[in-house]
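If you want the building blocks of each chain, they are given just below.
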Amino acid sequence: MRRQIPVVITFIVGSVLIISVFIPHKPFGQLGENFSVYFDIIAVFAFILGAGNLLRVHGNRIYKKHKDWPYSVVTVAGFTVMMIAGLFKIGGSPGITGDLTEPGSMFEDLYMYVFTPLMATMFALLAFYVASASHRAFRAKNKEATVLLLAAFVILLGRTPFGVELTSWLPDPLSFLEIPNLASWIMSVPNMAGQRAIMVGIALGVIAMALRVILGVERTYLGADSE
Amino acid sequence: MDSVFSHTIAAILTIGIISFLYKDNPLYKFCESLFIGVSAGYWFVQQYYANLLPKLFDNLGITKLVGAENAPEGALQALFLEGRLDDNLLYLIAGVLGVMMLLRLSPKIGWIARWPLAFTVGSSAGLYFITYFQSNAMSQLEHTILPLNSFNNLVLIVGTVTGIIYFYFSKEHKGVFGGAAKVGIYFLMITFGASFGYTVMSRMSLLIGRIDFLFGTWLGLVK
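Residues numbered from 1 in each chain as written. Chains lettered and ligands numbered in written order. Predicted model: local features only at pLDDT ≥ 70, side-chain atom pairs only at ≥ 80, totals over all residues. Heavy atoms only, no water.

A.B. asks: Account for the overall build of chain A, with residues named and values stated.
C.D. replies: In terms of regular secondary structure, chain A is built from eight helices and zero strands. Listed by position from the N terminus, the elements making up chain A come as α-α-α-α-α-α-α-α. For 227 residues, the compact-globule formula gives about 17 Å, and the C-alpha radius of gyration of chain A, at 26 Å, lies well above that figure. The dimensions of chain A, computed from C-alpha atoms along their principal axes, are 70 × 50 × 40 Å. (Helix = DSSP H or I, 4+ residues; strand = E, 2+ residues; numbered from the N terminus. Rg over C-alpha atoms; globule rule 2.2 N^0.38 Å.)

A.B. asks: Now, about the interface of chain B and chain A: what can you tell me, with residues and values included?
C.D. replies: Counting residues at the interface gives 114 residues for chain B and 104 residues for chain A. When the two sides are added together, the surface that chain B and chain A hide from each other amounts to roughly 10,500 Å², 80% of it contributed by carbon and sulfur. On inspection of chain B and its partner chain A, the count reaches three salt bridges. Along the contact surface separating chain B from chain A lie 16 residue pairs in polar contact (both at pLDDT 80 or more). Elements with a contribution of two residues or more to the side of chain B that touches chain A: helix H1 (3-18), helix H2 (26-60), helix H5 (91-102), helix H6 (114-144), helix H7 (151-166) and helix H8 (175-218) of chain B. With 28 residues, the top contributor of residues to the side of chain B that touches chain A is H2(B). (Contact = heavy atoms within 4.5 Å. Buried area = accessible area lost by both parts, 1.4 Å probe. Salt bridge = Lys/Arg side-chain N within 4 Å of Asp/Glu carboxyl O. Polar contact = N/O pair within 3.5 Å; in protein donor to acceptor, adjacent residues only side chain to side chain.)

A.B. asks: Talk me through the layout of surface pockets; I want residue IDs and the actual numbers.
C.D. replies: Size it by volume and the largest pocket reaches roughly 320 Å³. Forming the walls of the largest pocket are 13 residues, and the residues nearest its centre are Gln30(A), Asn34(A), Tyr38(A), Asp87(B) and Leu90(B). Counting residues per element, the ones that place at least two in the lining of the largest pocket are helix H2 (31-63) of chain A together with H5 of chain B. With four residues, the single largest contributor to the lining of the largest pocket is H2(A). Residues belonging to the lining of the largest pocket are distributed by class as follows: eight nonpolar, three polar and two charged. (1 Å grid on protein atoms, 1.4 Å probe; cavity = no way out; pocket = protein on both sides within 12 Å on 5 of 7 lines; lining within 4 Å. Points joined across faces, edges and corners; volume = space filled by probe spheres on them. Nonpolar A, V, L, I, M, F, W, Y, C, P; charged D, E, K, R; others polar.)

A.B. asks: Just give me the short version of the packing of aromatic side chains, but keep the residues and values in it.
C.D. replies: What the rule picks out here adds up to 20 aromatic pairs over all chains. With centroids separated by 5.7 Å and ring planes inclined at 75°, the aromatic side chains of Tyr38(A) and Tyr91(B) adopt a geometry described as edge-to-face. Of this pair, Tyr38(A) sits in helix H2 while Tyr91(B) sits in helix H5, each in a different chain. Here the aromatic residues Phe107(A), Tyr111(A), Phe115(A), Phe35(B), Tyr42(B) and Trp43(B) are joined through ring pairs into a cluster of three or more. A cation sits over an aromatic face here: Lys65(A) above Trp69(A), 4.9 Å from the ring centre. Over the aromatic face of Phe177(B) sits the side chain of Lys171(B), whose NZ or CZ is 5.7 Å from the ring centroid. (Phe/Tyr/Trp six-rings, centres within 6.5 Å; stacked < 30°, edge-to-face > 60°. Lys NZ or Arg CZ within 6 Å of the ring centre and 35° of its normal.)

A.B. asks: Help me get a handle on the packing of H2(A) against H2(B), residues and values and all.
C.D. replies: Their axes nearest at 9 Å, the elements H2(A) and H2(B) cross at an angle of 150°. Taken as axis vectors, H2(A) and H2(B) run roughly antiparallel relative to one another. Taken as a pair, H2(A) and H2(B) cross one another with a handedness that is left-handed. Across the interface between the two elements, Val37(A), Asp40(A), Ile41(A), Val44(A), Phe45(A), Phe47(A), Ile48(A), Ala51(A) and Leu54(A) from H2(A) touch Ile36(B), Ala40(B), Trp43(B), Phe44(B), Gln47(B), Asn51(B), Leu52(B), Lys55(B) and Leu56(B) from H2(B). Taken together, the residues of the contact of H2(A) with H2(B) break down into 14 nonpolar, two polar and two charged. (Axes fitted to C-alpha atoms, helices over the stretch in contact; angles between N-to-C directions. Parallel < 35°, antiparallel > 145°, perpendicular 65-115°, else oblique. Left-handed = near helix turned anticlockwise from the far one by under 90°.)

A.B. asks: Pulling in residues and values, what's your account of unusual backbone geometry?
C.D. replies: Residues and elements named next belong to chain A. In the Ramachandran plot, Lys 65 falls in the positive-phi region, its phi being about 50° despite a non-glycine side chain. Position of Lys 65 among the secondary structure elements: in the loop between H2 and helix H3 (69-87). Judged by its relative accessible area of 54%, Lys 65 is exposed. Phi is positive for Lys 89, close to 50°, though the residue is something other than glycine. Turning to its location among the elements, Lys 89 is positioned in the loop between H3 and helix H4 (106-137). (Buried < 20%, exposed > 50% of the residue type's maximum accessible area, 1.4 Å probe, protein only.)

A.B. asks: For helix H5 (residues 143-158) of chain A, give the residues involved together with the corresponding values.
C.D. replies: Compared with an ideal rise of 1.5 Å per residue, which puts 16 residues at 22 Å, H5(A) spans 22 Å between its outermost C-alpha atoms and is within 8% of the ideal. Considering only its buried residues, H5(A) is in contact with helix H6 (161-166) and helix H7 (179-188) of chain A together with H8 of chain B. Looking at where H5(A) begins, the residue whose side-chain oxygen comes 3.3 Å from the main-chain nitrogen of Glu144(A) is Asn142(A). (Expected span 1.5 Å × (residues − 1).)

A.B. asks: Describe H7(B), and please don't skip the residues or the numbers.
C.D. replies: For H7(B), with 16 residues, the first-to-last C-alpha span of 22 Å sits near the 22 Å given by 1.5 Å per residue. Of the positions making up H7(B), those classed as buried are Asn153(B), Val155(B), Leu156(B), Gly159(B), Thr160(B), Thr162(B), Gly163(B) and Ile165(B). Against helix H8 (190-214) of chain A together with H6 and H8 of chain B lie the buried residues of H7(B).

A.B. asks: Could you give an account of the pattern of salt bridges, with specific residues and numbers?
C.D. replies: Where side chains of opposite charge bring their charged atoms close, a pairing between them can arise. This structure, assessed with the given rule, holds eight salt bridges over all chains. With its nearest N and O atoms 3.5 Å apart, the salt bridge here joins Lys29(B) to Asp68(A). With Lys29(B) in helix H2 and Asp68(A) in the loop between H2 and H3, this residue pair bridges two chains. Judged by relative accessible area, which is 23%, Lys29(B) ranks as partly exposed. A residue is classified by how much of its surface remains accessible, and Asp68(A), at 29% relative accessible area, is partly exposed. Linked by salt bridges that have partners in common, Lys67(A), Asp68(A) and Lys29(B) make up one network.

This is the structure:
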């Protein structure tokens, strides 16, 4: 029963949502929208579970004085301060209906001067790893790799002032060979064709997977039997 | 917060993350741990104010019940003050399913958490089935059915069809079919190359943004 009931719930919810598309009348017409809201609400509780788990894991590391435990203190402190600043709107408009992102509030300051720089720099750091990946990718070992290299190179050059200057001397009849124009053409024609093939492939995969889940063939999301 | 002080904090955190390029060090570990904590806190608060409060508490009338002046009346007010069943009362189901999700923490009755999980998985499967079929499969194919009156249209049709042929693994890629799949690979390579180029550009612009912050906003060396 512990595994059968969830499978039945998945089947009913999934199939009702698919059927509802063909019945544009109340209550079926709004089911998709309503279920999306239910999904969002349940997701918040899953988030609470995740936050609880974060505190449990790092609390355990602090309590048992694991290696690098002071960094766990930093994580717990960062989480707690951000959460309190946001939930209680410290320095901002009081009350539940007050503006969360009011300028000068503690939550907004933490977002602007702690969260944003950390996130932006973390992603910016990837530029160096992308450069390292470029070094490997830009070695034209075969024809396919050469095509990838050329497409990436034209796109990169086409978006820089250097790329614009490089072919600006071309006469008007050959303007389609100017690197920025070439980059735009690659993006809107062959790239679009490849993107469409990938999107259709993904869609077919998602549809097949959704059917497997709804019909109860795919049950891995329920976890192990022992749980 | 004083702007010099706040910019200095942001700059120290920026340098802390960049310092990883040298090697793993205590300042980077501090910044990394802080990032994990602060981002978890940020998304927690965002989820509360973007979903839990308006979609559950407001609809049920709990916000009004706790004394918020501007909060709308919800299902509980309709039930107890007006004596009628409001449609919003159905959000109680979502709330109950959410609470059931928290039972995962209990070893004895943790299995109950599978019910809300089954609901979310089922609703995702049902919604994705329809949306992917409509927007990704049918819509993309519809936009590929073009008149063969230009070179670009021809390239689009050939690229899309051969790309799809490459993803078809139920038939061996041999002969004409194999040739078409090979052409499809070249189109896919162009797509990957374009995506790679764009990724490099976006990461570089982020890096330029951080360097501009350090040398411009913080130190004032770049105007």
